Amino acid sequence: MVEIELDGKVVEVPQGSMVMHAANKLGTYIPHFCYHKKLSIAANCRMCLVEVEKAPKPLPACATPATQGMKVFTHSAKALEAQRSVMEFLLINHPLDCPICDQGGECQLQDLAVGYGKSASRYEEEKRVVFHKNVGPLISMQEMSRCIHCTRCVRFGQEVAGVMELGMVNRGEHSEITTFSGQTIDSELSGNMIDICPVGALTSKPFRYAARTWELGRKRSVSPHDSLGANTTVQTKANKVMRVVALENEAINDCWISDRDRFAYEGLNSTDRITSPMVKQGGQWLETDWESAMNYVAHSLTTIAAESGPESIAALAHPISSAEELHLLQKLIRGLGSSQVDTRLRQIDVKGAASAPWLGMPIAQLSELDRALVIGSFLRKDQPLIAARLRTATKRGLQVHRIDAGGDDWLILNAISVKTVPSAWVNALAEVASAVAKAKSASLPAGVTVNTISSVAQAIADSLLSGQSTAVLLGSAAQAHPQASSLHALAQFIAAQTGATLGFLPVGGNAVGASLVKANGAGVESVLSGERRAVLLMNIEPDADLPNPALARAALAKANTVIALSAYKSADLLEVADVILPITPFTETVSTFVNAEGFAQTIQPAVKPLGDARPAWKVIRALGSLLNLDGFLFNMPEEVLADALAEDCSSLLNNQSSAPITIAAGSAATDGLERISDVTIYSGDPIVRRAPALQLTRDAKRGNHAGLGQALFAQLGLKEGDAVQVSQGSQSVTLPASLEMNLAAGAVRISAGTLASGQLGSMFGPISVMRA
């Protein structure tokens, strides 16, 4: 520690700290633009100039190391004059367009100009003009003349997002921030550049000219689109969500959010919103009142339970649903005597599954790992902020290893990577387990026989054994894999032998909460076996959310009645459902979400329910009362939550598997190809799927292509965008082809949750591709 004196106050800071850090510790504000606590130091705006005793001229506080006995003056005449001079230079070329600037009212330059600017400019020459740039559907660079070249956006891309999409060209007053060769900004974290831009150069395209900041109401919220539970602020006007921005929480999302968290709010205002109960009669949809719709549902469930038995009633719910909603749904189904309820929509192998799978550690602890093995994950798109944490940790020595089909670049320098078709994942993991067992003189689990250990598997094992803080993580593709239970059991063995933490990257905003409230039962395959006579769907669109859309539609067609609790209508839902009860999304009701680390976060409604839509917990509560079931006498959501979750539910979190391990060679098509499915970042839930700006991004468009490896691409003689016919069983579809350089040989990526995927089969298995 070193001790310095700042404005007469003594403060201790760690050696290597800058004067700015000492000021922050004391709560002393030093004006700045380029400095950001999460980014490297650039010292190029010079706004933070301060006087340092014995220094011949003012020094930048952000880049001046604190030394023992240093005396600093942040508001002396010399410091203030330097700061005012810098402000005058910054305003020389800055346009006087504050009244029409979207940043007005929350602009750092505007605020500091009031304190440090002059009342009139001495600059009489012509101001420079920077032409606008089109960088995609999310970020507006229409007024780049406002840019003060702080380079925060450039450093964010390099250091946090992991990809340098912006850079500076030219010199002096001709300098410009721009993309490379007219490319767009496509990072899944790009919206954070809007937040950290201190002026109105980078603004939000969807929010552009929509409202002024002082007109907006604000509510603390949580993003339900992935299991991180990123903290956000929802901003509203006239009972409409207008914008979502990051809310800092160091333990969860730092001060960042993903573009999915930021821009998905557009889906809340979709024209697909349902505002009145609807019943299908004679193939036609009719609007009705709540009493008639609820009586219809109650009568249907009572009749079917009596005629076909309680197990003929089932429910599926999307994990975007709140803990309150999921608790009452499972209570309703179990109250009717059925165990057929689940939220693990794409997990078909549930043998011996963990009772409450979770990350296995606090989210912040990911930054402290020195070894990590990630199995079957599309990490960067599934969990953008967890990927960012691991990316940052690699700079401190973390080695990230992966076993998957490749194809997607995590922007992480992976020490060792195993790229292979999905049917070989169990064998690849078994080789790692065998190498670990050999090193530890331990017996392999029953059912595991490995003849040879590859050098790659041996290297992964050696790395895990040498680590001090290690994790083995199972991703979304591992959980959806046909042999998910074997992958889980092998990962569990490896973690136990290496002293690593076993964890899951849960799929869905409330995946952990669903397990804790016992909303998972027989599994999605059992629910969709075709034996259920009544099926309740909550926040689900069959073609987009279920693992085999064709089989799902066939199973639902066999049911006597399908009851949908949904905020939206869609073609597939209108086709399979018999009644739709309009419920509210998370912004219109009290909602509790349990994130990947098992931390429960409750949010209040930001706006009132739209039309006659009702919170799902109220709808299910009323339905339980109509069915004369016990335990539905709740008046407030807080009462439901108290019934659903204990105050401390950490003891219920459990990652342990009891499944046997089966190593079976997967079947491939005659040409040896296998399907690998991701759920693209902007198709995971009904809200995101209806966000227009997100659907215009490169990531969204990627889902409509067939991803082929380099060898297959060359074998078929394709160019980017050429049409190919993809066949899976008796079903086929024609798609544009896309070259994916890092995809494993024999793997073909066909994204799930798309219109094309709805015409094919399951997410894994044999597949054929030919030129169309």
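Conventions adopted
Residues numbered from 1 in each chain as written. Predicted model: local features only at pLDDT ≥ 70, side-chain atom pairs only at ≥ 80, totals over all residues. Heavy atoms only, no water. Helix = DSSP H or I, 4+ residues; strand = E, 2+ residues; numbered from the N terminus. Rg over C-alpha atoms; globule rule 2.2 N^0.38 Å. Buried < 20%, exposed > 50% of the residue type's maximum accessible area, 1.4 Å probe, protein only. Contact = heavy atoms within 4.5 Å. Areas by Shrake-Rupley, 256 points an atom, 1.4 Å probe, with all protein chains shown as cover. Domains from an automatic or database assignment. Buried area = accessible area lost by both parts, 1.4 Å probe. Salt bridge = Lys/Arg side-chain N within 4 Å of Asp/Glu carboxyl O. Polar contact = N/O pair within 3.5 Å; in protein donor to acceptor, adjacent residues only side chain to side chain. UniProt positions renumbered as here; feature names shortened; annotations may be inferred. Arc of directions from axis to C-beta. Pairing = 2+ DSSP bridges. Expected span 1.5 Å × (residues − 1). Axes fitted to C-alpha atoms, helices over the stretch in contact; angles between N-to-C directions. Parallel < 35°, antiparallel > 145°, perpendicular 65-115°, else oblique. Left-handed = near helix turned anticlockwise from the far one by under 90°. Core = buried A, V, L, I, M, F, W, Y, C linked by side-chain atoms within 4.5 Å. Phe/Tyr/Trp six-rings, centres within 6.5 Å; stacked < 30°, edge-to-face > 60°.

### Points about the overall build of the protein chain
Of regular secondary structure, the protein chain possesses 24 helices and 34 strands. Computed over the C-alpha atoms, the radius of gyration of the protein chain is 28 Å, within 12% of the 28 Å expected from 2.2 N^0.38 for a compact globule of 772 residues. Once the C-alpha set of the protein chain is aligned to its principal axes, its extents read approximately 90 × 65 × 55 Å. When burial is assessed residue by residue, the protein chain has 60% of its 772 residues classed as buried. Sequence separation of 24 or more characterises 73% of the internal contacts of the protein chain that already satisfy a separation of 6 or more. Carbon together with sulfur atoms contributes 52% to the accessible area of the protein chain, which is approximately 29,700 Å² in total.

### A short note on the domain arrangement of the protein chain
According to the domain assignment, the protein chain contains domain 1 (1-92), domain 2 (278-351 + 511-651), domain 3 (363-504) and domain 4 (673-771). Measuring from the centre of the C-alpha atoms in domain 3 to the corresponding centre in domain 4 gives 25 Å. Both faces combined, the contact of domain 3 with domain 4 buries some 1,400 Å², and carbon together with sulfur accounts for 66% of it. Per-residue buried area on domain 3 facing domain 4 is highest for Phe-378, Lys-381 and Gly-407; these three make up 36% of the total on that side. On inspection of domain 3 and its partner domain 4, the count reaches one salt bridge. Note that Asp-699 is salt-bridged to Lys-381, the shortest N-O span being 2.9 Å. Viewed at the interface, domain 4 and domain 3 are joined by five residue pairs in polar contact (both at pLDDT 80 or more). Breaking the side of domain 3 that touches domain 4 down by element, the ones donating at least two residues are α9 (379-382) and α13 (476-480).

### Quick word on the UniProt feature "domain: 4Fe-4S Mo/W bis-MGD-type" (unreviewed entry) in the protein chain
The UniProt record annotates "domain: 4Fe-4S Mo/W bis-MGD-type" (unreviewed entry) at residues 216-272. End C-alpha atoms of residues 216-272 are separated by 25 Å, and the span's content is 9% helix alongside 35% strand.

### Here we look at helix α20 (residues 616-626)
The set of residues buried in α20 consists of Ala-616, Trp-617, Val-619, Ile-620, Leu-623 and Gly-624. End-on view of α20: buried residues confined to an arc of 160 degrees, all on one side of the axis. Against the buried residues of α20 lie α7 (290-308), α8 (323-335), β23 (534-538), β24 (561-566), β25 (579-582) and α21 (637-644). Positioned one or two residues after α20, Asn-628 has a phi angle of 60 degrees, which is positive.

### Here's the deal with the sheet that holds strand β7 (residues 139-141)
The strands making up a sheet are joined through hydrogen bonds of the backbone, oriented either antiparallel or parallel. Taken together, three strands build an open sheet; the order of strands is β6-β7-β10 and the sheet is antiparallel. A single partner strand is all that each edge strand has here, and the edge strands are β6 (133-134) and β10 (203-204). Relative to β10, β7 is paired through two bridges, and the arrangement is antiparallel. Counterpart to Ile-139 in the pairing with β10 is Ser-204.

### Some details on helix α14 (residues 484-498)
Here α14 spans 21 Å end to end across 15 residues, near enough to the 21 Å set by a 1.5 Å rise per residue. α14 sits mainly inside the fold: 13 of its 15 residues count as buried. Gly-499 sits one or two residues past α14 and shows a positive phi near 75 degrees.

### Observations regarding the packing of helix α11 (residues 425-440) against helix α12 (residues 455-466)
One can describe the packing of α11 onto α12 by two numbers: an axis separation of 8 Å at closest approach and a directional angle of 55 degrees. The orientation of α11 with respect to α12, classified from their angle, is oblique. Where α11 crosses over α12, the two elements pack in a sense that is right-handed. Each of Glu-431, Val-432, Ala-435, Val-436, Ala-439 and Lys-440 in α11 lies in contact with α12, whose residues at this interface are Ala-457, Gln-458, Ile-460, Ala-461 and Leu-465.

### Things to note about the sheet that holds strand β17 (residues 341-342)
Taking strand neighbours across the sheet as the criterion, the seven strands line up as β15-β14-β25-β24-β23-β16-β17 in an open arrangement whose pairing is mixed. A strand with exactly one partner marks an edge of an open sheet, and here the two such strands are β15 (284-287) and β17. Note that strand β14 (residues 278-281) and β25 share two bridges and pair antiparallel. Following the sheet pairing, Met-278 is matched in β25 by Ile-580.

### Some remarks on the nonpolar core
By size, the foremost hydrophobic cluster in this structure holds 96 residues, and its most contacted members are Phe-33, Ile-139, Phe-156 and Leu-366. With six residues, the single largest contributor to this core is helix α10 (residues 384-394). Those residues in contact with Ile-139 that sit more than four places away from it in its chain are Ile-185, Ser-190, Met-193, Ile-194, Leu-202, Thr-203 and Lys-205.

### Digging into unusual backbone geometry
Although it is not a glycine, His-149 adopts a positive phi angle of roughly 60 degrees. Mapped onto the elements of the fold, His-149 is located in the loop between β7 and α4 (152-161). A relative accessible area of 16% places His-149 in the buried class. Positive phi values are uncommon outside glycine, yet Ala-238 reaches one of about 55 degrees. Along the chain, the position of Ala-238 falls in the loop between β12 (231-237) and β13 (240-246).

### Things to note about the UniProt feature "domain: 4Fe-4S His(Cys)3-ligated-type" (unreviewed entry) in the protein chain
UniProt records the feature "domain: 4Fe-4S His(Cys)3-ligated-type" (unreviewed entry) at residues 78-117, using the numbering of this structure. For residues 78-117, the end-to-end C-alpha separation is 16 Å, with 55% helix and 0% strand making up the annotated structure.

### Here we look at the packing of aromatic side chains
Scanning all chains against the criterion turns up two aromatic pairs. Taking 6.4 Å as the distance between ring centres and 80 degrees as the angle between the ring planes, the aromatic pair formed by Trp-425 and Phe-764 counts as edge-to-face. Taken together, the positions of Trp-425 in helix α11 and Phe-764 in the loop between β32 (747-750) and β33 (765-766) put the pair 339 residues apart, joining distant regions of the chain. Across the pair, exposure class does not vary: Trp-425 and Phe-764 are buried alike.

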